[in-house]
Amino acid sequence: MPFSTFALFLAVGAGAGCKGETEDEGGDEAASEESGTEDTETDTGEESDTGEPPETGPCFDGLERWEWDASADHIGYDLPATDFTVETLRGPKTFSEIWNGCDNHVFVMYSANWWSTPIEPLIDDAAENTHFWFVVPSDSADFDNDMRAALVGQIAQRVEGHLESLGPEVQAAKTDTFHYVIDSGLDIPAVQGILATNPNEEHFTIGRHQKIWEGHNVAVAASGSWIPLLEQTRWWSRYINYWYGLEAELAEEAESPDVLVHRVADAVEIKGGEPYTWTLPDAATMAEYDRLEVDMFIDCPGVGHPYVATCGEWDTVGSIFLCEDAECEGDRRRVIKWITPYSAPGRWVIDITPELLELAAGGELTFISAHGDNNVGQYTYRYTVDFRFSKAEDGLRPIGKAELIPRGGYGWNENYHANWPEGFSFTAPEGTQRTELYARISGHGAVEGSQCAEFCSFTHEFSVNGTPFAHQYVQENVDRCAMLTDEGVTPNQGGTWFYDRSSWCPGWVIEEWREDLSSAVEVGAENSVAYDSWWGINNPTPPPGGNMDARVEVVFYGE
């Protein structure tokens, strides 16, 4: 619909678009008569409302369509949404008739202080299968149908105006993915039910599998204040696509006879600092596999929602340690490392193949987690964890390792390299067919001037027998962490979750550095290693304040 026609429709027909009226009495037909344009299917809304047969076949991204579940009858987060019919600026809409089993539907609740914020990023950068429903969740005298129509009409004019500026092809593809609800948002069961349990919710998403996902935070830090922005509602659709894409990928892999999926925790609450046991396959079974990934869903404890009331507040280094004794009083080895989200859950798949060496005994093993901060102590999360064993294409598995930098937090300053004044050396055992650097390095803290080691680009370099191997951890655009929601960063966390960190993001894995050193390594002989690091373009280590949470090893692979 041309923007001029849509604007005239708002002015003439919005007040008449109420329940009980026929199409002849107002709405799109009135707009068509006034503007002299023909009332086409594009002008009136989605094809599914006009009796068109439902779409079939896979979704745009190859995933299977999700069939509408008409039996849903309870409202709440993580539950399937129920059906509804509401009046919109384009006429009545029934949700199940719009449903195609591929799209995510974001419901955006009215609030004057953020509906006036920029709309362009939301339109330009949302996942292509995203619908937005603008609703005013009030039926008070101050928000009657005319007032609600005026409020959503203002959004509609801005949306349609920007769509028109993007050209007819984009406008035709996107215009019917925006829905402007005239009825009270409380007439939508999901809106009414979610606000009854979480009155502060400003947006939520009914995902492509019909499940309701909490929206959580829409504010960003600016000029010392937290400012809610409409553009922040675009991230969950990206993440939901990632989630179900990951589910499909993992399910397909699990069908292979060369893959063993072994669940060690199923929605178990685990508090940091308290030992627990997981039972792995026995040693003989584990010895059949060459690779190991861990699929972790770290959820908020208790009722789980709202996130801000149940999940740990801060982004912290999350760790799972393997203990050498049942009380976990002796040595510990960190086998899994990630960054906890700000007040939110998260899910990640992490390759921990080198840890097969430490876990080889299998059976019941003792672990302890660490995720918390110095002010409130250790957080509790609800773990669902699968260990995914598989066979490597080259048939090689870890057969040994050599430690270069022991796990620890090291102040990144002029004295950093004094920790290893003699450099390092290692001997690759006979039978080694590949030698790999296995570095878990993450920078934390921000020194004035350089903003290192969290908000700066930095490089670490290990030279093996004189051959340098370097990796740069790059500080990119300011909201890179938000852009990575379609790769697993938890969206709409609290805090400054969207700001780029050079080696990690809140609610994600750390950037591991794995590099094949084989070309520089002499098997069966001593190999020397020199270590250097710098920030920016070959700047020396920065002033005191930042630190490196690091462990670096060399892993040997053979048959």
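Worth saying up front: this structure is predicted, and the values here are computed from it rather than measured.

Draft legend 1. Structural detail: the nonpolar core. With 57 residues, the main nonpolar core has Trp-278, Ile-320, Phe-367, Tyr-383 and Phe-387 as its most contacted residues. Examining the composition of this core, we find that nine residues originate from one element, helix α10 (residues 235-254), more than from any other. Counting 32 residues, the second-largest nonpolar core is a separate cluster that includes Trp-412, Trp-513, Leu-517 and Ala-550.

Draft legend 2. Region of interest: helix α9 (residues 189-197). All of the buried residues in α9 are Ala-190, Val-191, Gly-193, Ile-194 and Leu-195. Looking at the packing, one finds that the buried side of α9 touches β3 (104-109), β4 (130-135), β6 (203-206) and β7 (212-214).

Draft legend 3. Quick peek at the sheet that holds strand β22 (residues 434-444). The strand order across the open sheet formed by four strands is β20-β28-β22-β26, and the pairing between neighbours is antiparallel. Strands with a single pairing partner mark the edges of an open sheet, and in this sheet they are β20 (397-411) and β26 (513-516). For this sheet, the mean angle separating the axes of adjacent strands, direction not counted, is 15 degrees. The pairing of β20 with strand β28 (residues 547-558) spans 11 bridges and is classified as antiparallel. Within β28, the position partnered with Gly-408 by the bridge is Ala-550.

Draft legend 4. The arrangement of the side chain of Ser-442 in detail. With respect to the secondary-structure elements, Ser-442 resides in strand β22. Judged by its relative accessible area of 0%, Ser-442 is buried. Within the structure, the side chain of Ser-442 is placed 2.9 Å from the side chain of Lys-337, a separation counted as a polar contact. Ser-442 has contacts with Lys-337, Ser-503, Trp-504, Ile-510, Asn-547, Met-548 and Asp-549, leaving out every residue within four places of it along the chain.

Draft legend 5. Local environment of the packing of aromatic side chains. Summed over all chains, the structure comprises 48 aromatic pairs. Geometrically, the ring pair formed by Tyr-379 and Tyr-381 is edge-to-face, given 6.4 Å between the ring centres and 90 degrees between the ring planes. Overall, the relative accessible area of 9% leaves Tyr-379 in the buried class. Tyr-381 sits in the buried class, given a relative accessible area of 1%. Linked through ring pairs, Trp-68, Phe-84, Phe-95, Trp-99, Phe-107, Trp-133 and Phe-204 together constitute an aromatic cluster. The ring of Trp-243 carries the charged tip of Lys-211 above its face, separated from the ring centre by 5.6 Å.

Draft legend 6. View of the sheet that holds strand β24 (residues 467-473). As summarised here, the arrangement of the four strands in space is β21-β27-β23-β24, forming an open sheet in which the pairing is antiparallel. Looking at which strands have only one partner, the edges of the open sheet turn out to be β21 (424-427) and β24. Mean inter-strand twist for the sheet, computed between neighbouring axes without regard to direction, equals 25 degrees. Bridge count for strand β23 (residues 458-464) against strand β27 (residues 526-535) is seven bridges, and the pairing is antiparallel.

Draft legend 7. Quick look at the environment of Leu-396. Of note, Leu-396 is situated in the loop between β19 (380-390) and β20. We classify Leu-396 as buried; its relative accessible area is 8%. Residue contacts for Leu-396: discarding those within four places in its chain leaves Asp-290, Gln-433, Arg-434, Tyr-557, Gly-558 and Glu-559.

Reading guide: rules and limits
- Residues numbered from 1 in each chain as written.
- Predicted model: local features only at pLDDT ≥ 70, side-chain atom pairs only at ≥ 80, totals over all residues.
- Heavy atoms only, no water.
- Core = buried A, V, L, I, M, F, W, Y, C linked by side-chain atoms within 4.5 Å.
- Buried < 20%, exposed > 50% of the residue type's maximum accessible area, 1.4 Å probe, protein only.
- Helix = DSSP H or I, 4+ residues; strand = E, 2+ residues; numbered from the N terminus.
- Contact = heavy atoms within 4.5 Å.
- Pairing = 2+ DSSP bridges.
- Axes fitted to C-alpha atoms, helices over the stretch in contact; angles between N-to-C directions.
- Polar contact = N/O pair within 3.5 Å; in protein donor to acceptor, adjacent residues only side chain to side chain.
- Phe/Tyr/Trp six-rings, centres within 6.5 Å; stacked < 30°, edge-to-face > 60°.
- Lys NZ or Arg CZ within 6 Å of the ring centre and 35° of its normal.

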